[in-house]
Amino acid sequence: MSGKQEGVDIASLSAQQLTAVKKQLDEEVEHLTASYTQLAAAQAKFKECLRIVQTGSSSFDDNKDILVPLTNSLYVKGKLSNPDRVIVDVGTGFYVEKDTKSATEFYDAKVKELGTNIQGLESIVQGKTNNLRVVEEVLRQKVLAQGAGAAPAQA
């Protein structure tokens, strides 16, 4: 099998086949849009972490009381023993202690990586959405042509 994809002239497809293609494209666009939303939320989370590491470490004093998040809605009181070291969630439940410079570099790299992924996904969603519009237009024309063909037969 060669690496080339062969295109199909959608005008040659039946209305039933076009409906199936439209349904598949709808599902793909919905899934890709959900993925886009998740990536954007992850990027926002990393941007917030980056902001906190950049501004937070300089504003904390040794042994100052802080609130430590255990979950999204549960915090416990704690003391920051060393404001120049932070614990970074590197994914899948693993945490690594880093100095603030390394943590800043880590979060900055994550934000940039997600930005690149979001841009790529955005272009894919636009392409699929354009394909969906073309299929919908051809399907609409086929349905109208079938309706016009049926009208003279009734007369």
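Note: the structure precedes this text.
Residues numbered from 1 in each chain as written. Predicted model: local features only at pLDDT ≥ 70, side-chain atom pairs only at ≥ 80, totals over all residues. Heavy atoms only, no water.

Explain the overall build of the protein chain to me, please; I cannot follow it from the model alone.
Scanning the protein chain for helices and strands turns up two helices and four strands. Listing each helix as α and each strand as β along the protein chain from the N terminus yields α-β-β-β-β-α. (Helix = DSSP H or I, 4+ residues; strand = E, 2+ residues; numbered from the N terminus.)

Hey, could you run me through the pairing of strand β1 (residues 64-69) in this one?
Moving residue by residue along a regular strand, the side chains alternate between the two faces of the sheet. Relative to strand β2 (residues 75-80), β1 runs antiparallel, the two sharing six bridges. In the sheet register, lysine 64 faces β2, and the bridge partner there is leucine 80. Where β1 folds back on β2, the antiparallel hairpin that results is connected by five residues. (Pairing = 2+ DSSP bridges.)

Can you help me understand a nonpolar patch on the surface in this one?
Nonpolar side chains collect at one region of the surface, where Val68, Leu70, Leu74 and Val76 lie side by side and expose about 310 Å² of accessible area between them. Secondary-structure assignment places leucine 74 in the loop between β1 and β2. (Patch = residues over 30% accessible without salt bridge, like charges linked within 9 Å, V, L, I, M, F, W, Y side chains within 5 Å. Areas by Shrake-Rupley, 256 points an atom, 1.4 Å probe, with all protein chains shown as cover. Salt bridge = Lys/Arg side-chain N within 4 Å of Asp/Glu carboxyl O.)

Can you help me understand the packing of aromatic side chains in this one?
Aromatic ring pairs: the centre-centre distance and the angle between the two ring planes describe each pair. Taken as a whole, this structure holds two aromatic pairs when the rule is applied. For the pair phenylalanine 46 and tyrosine 107, a centre-to-centre distance of 5.9 Å together with 40° between the ring planes defines the contact as tilted. With a gap of 61 residues between them, phenylalanine 46 in helix α1 (residues 15-59) and tyrosine 107 in helix α2 (residues 100-154) connect regions that are remote in the sequence. Each member of the pair phenylalanine 46 and tyrosine 107 is classed as buried. For the ring pair phenylalanine 106 and tyrosine 107, a centre distance of 5.4 Å and an interplane angle of 65° mean the geometry is edge-to-face. In terms of burial, phenylalanine 106 and tyrosine 107 fall into one category: buried. (Phe/Tyr/Trp six-rings, centres within 6.5 Å; stacked < 30°, edge-to-face > 60°. Buried < 20%, exposed > 50% of the residue type's maximum accessible area, 1.4 Å probe, protein only.)

Teacher, can you tell me more about the side chain of glutamine 43 here?
Residue placement: glutamine 43 occurs in helix α1. Under the relative-accessibility criterion, glutamine 43 is labelled buried at 14%. If we skip the residues at most four places from it in the chain, glutamine 43 touches Val111, Leu114, Gly115 and Ile118. (Contact = heavy atoms within 4.5 Å.)

Sorry if this is basic, but what is going on with unusual backbone geometry here?
Negative phi values dominate among residues other than glycine, just as trans dominates among peptide bonds. Non-glycine residue threonine 92 carries a positive phi angle of around 50°. Tracing the chain through its elements places threonine 92 in the loop between β3 (85-91) and β4 (94-99). Taking relative accessible area as the criterion, threonine 92 reaches 76% and is therefore assigned exposed.

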